[in-house]
Amino acid sequence: MMYSRRLFTVYMRFVLLLWLFASCRVAVAALPGSLLSQVGHETDVVDKTCYVLGAEQGLRGNKVLQIMQLGDGRMVVMTESHVNIYDGTGFRSVPVDASVKDTLCGYRGHTHLYVDARQRMWIKDKRCVACLDLKTLTFVSDCVSLVAGAGDKNMTESVDGAAADNVDDIFVDSDGAIWTVTAGNIHCADVGVTLALPAGCGTVQDLDVSGGRVFVFTGRGLVLAYSVDNGTLLYTSAAYGDDMADRYTGTSLIVRTADGLFHQIRTGSRCSIFQTFNPARRSWKIHFECDYTLHTLILSGSTAYITTPAGYMTYDTETMTRTVRSSLRLPDGTRISTGINTVCMDREGGVWLGTYGSGIMYMSPLSGVFDTGETDVRLRPLLTSVMLHGQYVRAGSRYADIDVPYIDSLHLGYDDNDIVLTFSAMKYVRPRSVYYRYRVVGLYDEWRTEDAYADSSHIDSRGLLNLSFTGLQPGCYLIEVMASPRAGVWNGEVCRLAVTVDVPWWRSTAAIALYVLLFILVSAMVVWLYVRGVKQRMARKAKEDMLLMRIRDLMDMCSRQESPVSVILADKEESDGKPEMSAAEMDFLNRATSLVEQHLVDTGYTVEQLSRDLCMERTGLYKKLMAILDKSPQKFIRSIRLRKAAELLARGGMAVGEVSEVTGFSSPSYFTKCFQKEYGCRPTEYQPDKNTCI
């Protein structure tokens, strides 16, 4: 009896367990599809802390639409009104408004960012597109026409030079080439190939290049594989049948991983699908479907991060397990629930989540604050700022046409030699735990190492290297900077900046040539002046000797009491060597000389009065004196006055003014002028009390 009762108890317990198990299955079956997938596939994961980057850090707008990382490590954050670029020091924002957008009639998706090989960022949104030149941080006007007119000259007119209104969509592949979609064709001017779309394939929604092939994903769930070389359609592969193709006609997002696989999210009306295409096998794998919208996708190994209106999920493509995170933990321990538009993983493995209205949530790849590990990433420093005269250099200034991160050379004036350069390692995980080394070729060639915890370090609290140069001498310099997360390990790229400081204009080659020319001219002038002075002194010495000789002859004549006519004749004899003269001519000259001497004091005694006193015509007097003495009457009168003056000066005792008045000159200055012309020096030079050559 006891045995039967025990058997009955065991039987009832077994029935109860079966009932409970069946009840649980019914309850689970009644849950929505999304919750069913969560219950059936949830795994335990570490709940990481999220760090907030928002308006307080300079982000313009807290509704984040897209995030991507540029090739140099900077992060681009697209908000509703601005393009925000984070360079490790802070955000730089460029406003976006309707004036910079062009119509793109074939694109019906949400915000999508591309960067082409020319460092232009294409921003696609519903039926519009804008193009931001990252080198100048300015928008390109009429950007659709720019790519529409970039066709191949050998193509037909319907594709080449197509009007902007005919461009349905624009794509940029992983190599940075631009592809334009027109009616029934896809063209790439960078590659020089045109792809013809087959009829009924649907709208082109995604495009990328891999392994020499172009993969085009369409709205009907197809992938079209073309040859990059000649544009031939190689094959077509469908992800699903027509029934599902009609369901997922919304948007598409593909991510190509390093193994060559294409992972795709497709959306429909309140539903989404996550699937993978393997080009090597030309096969598709559907991971899961859900009855809500999937926004964006990234992959890290076998783990996919997918954003949703309720948060984000992680999905393991190998174990096919996923976990939905509807709330995020903040550093203070509180939690926040928000929809997440976009997700991006940087090169260190950090996850950037763009929320609906709470800015950016950043999750470090480290497990926690006590994780002392380092990310194994090769760093390349980036020049983030240049400061001259206390002002930051911006694109479009006289020092740089492009934005600072793209500058590889600086040309500075001689007075711009006080410069501060700031470099960022673009390291977002523990940015201060970074090591730098740098050198300035042309100033010092040895490498100098810096770390943030050393004394007198040039690394600030944000992990930025600040190099200051004061009084940089004119010349050419090459600044090289490297960064590493580990001491002594320098396997990253080198950031190089060439700096040229001009010499002052007074030290330039042209100035030196001018100095040499001026020296030659001045030297030639000095030599010329010296030679001229020597010649003048020699001529003056000759004149003085001649004058001394004349005065001595005059004194000798006066001592012999010779008549003035004799003196005049002596002068004539010296000049022409013809002293022969008739008695009548001698008598004529004596009378003329006597008349002049009688009126010596009279300043108004002229040639007319002399001719009247001699009872002659003026012309006759002129001819007579010219024939005898070869002198005009005026010179004859002046020579008698000057001979008398010389005699008086030689005797001494009279001033120059007195002599000029006694000899009939109108003024001492005129007397001096005539005397100097006659004898070669001034009257004062022949007075005995002047210690002259006399």
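Because the structure is a prediction, the values reported are computed rather than measured.

Okay, the overall build of the chain next. When helices and strands are tallied, the chain shows 12 helices and 40 strands. When each of the 694 residues of the chain is scored for burial, the buried share is 45%. Accessible surface computed for the chain: about 36,100 Å², of which carbon and sulfur atoms make up 53%.

Along the polypeptide, V656 turns up in helix 11 (residues 656-662). Residue classification places V656 among the buried residues on the basis of a relative accessible area of 13%. Between the alpha carbons of V656 and T672 there is a distance of 8.3 Å; along the sequence they are 16 residues apart.

Here we come to the nonpolar core. The nonpolar side chains of a soluble globular protein tend to be buried, and buried together. Residues L421, F423, F469 and I479 are the most contacted members of the largest nonpolar core, which totals 35 residues. When residues of this core are traced back to their parent elements, those giving at least two are strand 32 (382-388), strand 34 (409-412), strand 35 (419-424), strand 36 (435-441), strand 38 (464-469), strand 39 (475-484) and strand 40 (495-501). Setting aside anything within four residues of it in sequence, one finds I479 in contact with L421, F423, R439, V440, L467, F469, C495, R496, L497 and V499. Counting residues in hydrophobic clusters, the runner-up holds 33 residues, among them L104, Y114, A148 and V228.

Taken together, 4 strands build an open sheet; the order of strands is 11-12-13-14 and the sheet is antiparallel. Edge positions in the open sheet fall to strand 11 (169-172) and strand 14 (193-196), since each of these has one partner strand only. The average undirected angle you get between the axes of adjacent strands in this sheet is 20 degrees. Pairing geometry for strand 13 (residues 185-188) and strand 14, over 4 bridges, is antiparallel. When the sheet's bridge partners are listed, C188 is paired in strand 14 with V193.

All right, on to the confidence of the model for the chain then. When pLDDT is averaged along the chain, the result is 84; 83% of the residues meet or exceed 70. Under a pLDDT of 50 for its full length, residues 20-46 has, in the predicted model, 16 contacts with residues more than four places off or in other chains. Every residue in residues 151-162 is under pLDDT 50, and counting partners more than four places away or in other chains gives 18 contacts.

On the basis of which strands lie adjacent, the open sheet formed by 4 strands has the order 1-31-30-29 and antiparallel pairing. Among the strands making up the open sheet, the edge pair consists of strand 1 (50-53) and strand 29 (340-345). In this sheet, neighbouring strand axes are inclined to one another by 25 degrees on average, regardless of whether the strands run parallel or antiparallel. As defined by bridge partners, strand 29 adjoins strand 30 (residues 351-355) across 5 bridges and the pair is classed as antiparallel. Residue pairing across strands places M345 opposite V351, the latter belonging to strand 30.

This part is about the pairing of strand 30. Extensive coverage of strand 30 is indicated by the burial of 5 of its 5 residues. Where burial is concerned, the two faces of strand 30 agree: the one with V351, L353 and T355 and the one with W352 and G354 are both buried. Count of turn residues in the strand 29/strand 30 antiparallel hairpin: 5 residues, of which G349 carries a positive phi of about 95 degrees. Pairing of strand 30 with strand 31 (residues 360-363) involves 4 bridges; the strand directions are antiparallel. Looking across to strand 31, one finds that W352 is bridged to Y362. Hairpin connection between strand 30 and strand 31: a loop of 4 residues separates the two successive antiparallel strands, and G359 in this loop has a positive phi of roughly 80 degrees.

A few words on the packing of helix 7 (residues 583-598) against helix 9 (residues 618-628). Axis separation between helix 7 and helix 9 bottoms out at 12 Å; the angle between their running directions is 120 degrees. Viewed along their axes, helix 7 and helix 9 form a crossing whose handedness is left-handed. Every residue of helix 9 that contacts helix 7 at E585, F588 and L589 is listed here: L621, K624, L625 and I628. Here the contact of helix 7 with helix 9 is composed, by residue class, of 5 nonpolar, no polar and 2 charged.

We now examine the packing of helix 10 (residues 633-651) against helix 12 (residues 668-679). As a packed pair, helix 10 and helix 12 sit with axes 11 Å apart at the nearest point and diverge in direction by 95 degrees. As the angle between them shows, helix 10 and helix 12 are arranged roughly perpendicular. Of the residues in helix 12, those in contact with R638, L642, R643, A645, A646 and L649 of helix 10 are Y670, F671, C674, F675, E678 and Y679. Residue composition of the contact of helix 10 with helix 12, grouped by class: 9 nonpolar, no polar and 3 charged.

Between its first and last C-alpha, helix 12 extends 16 Å over 12 residues, near the 16 Å set by a 1.5 Å rise per residue. Backbone geometry just downstream of helix 12 places G680 in the positive-phi region, at approximately 85 degrees.

Applying the stated criterion across every chain yields a total of 20 aromatic pairs. Summarising the aromatic geometry, the rings of F274 and F288 are spaced 5.8 Å apart at their centres and angled 65 degrees between planes, so their arrangement reads as edge-to-face. Pair noted here: F274 is in strand 21 (residues 272-278) and F288 is in strand 22 (residues 283-290), with a separation of 14 residues, a long-range link. With respect to class, F274 is no different from F288; both count as buried. Seen from their ring centres, F665 and Y670 are 6.0 Å apart, and the 55 degrees between their planes marks the pair as tilted.

The rules behind these values
- Residues numbered from 1 in each chain as written.
- Predicted model: local features only at pLDDT ≥ 70, side-chain atom pairs only at ≥ 80, totals over all residues.
- Heavy atoms only, no water.
- Helix = DSSP H or I, 4+ residues; strand = E, 2+ residues; numbered from the N terminus.
- Buried < 20%, exposed > 50% of the residue type's maximum accessible area, 1.4 Å probe, protein only.
- Areas by Shrake-Rupley, 256 points an atom, 1.4 Å probe, with all protein chains shown as cover.
- Core = buried A, V, L, I, M, F, W, Y, C linked by side-chain atoms within 4.5 Å.
- Contact = heavy atoms within 4.5 Å.
- Pairing = 2+ DSSP bridges.
- Axes fitted to C-alpha atoms, helices over the stretch in contact; angles between N-to-C directions.
- pLDDT = per-residue confidence, 0-100.
- Left-handed = near helix turned anticlockwise from the far one by under 90°.
- Nonpolar A, V, L, I, M, F, W, Y, C, P; charged D, E, K, R; others polar.
- Parallel < 35°, antiparallel > 145°, perpendicular 65-115°, else oblique.
- Expected span 1.5 Å × (residues − 1).
- Phe/Tyr/Trp six-rings, centres within 6.5 Å; stacked < 30°, edge-to-face > 60°.

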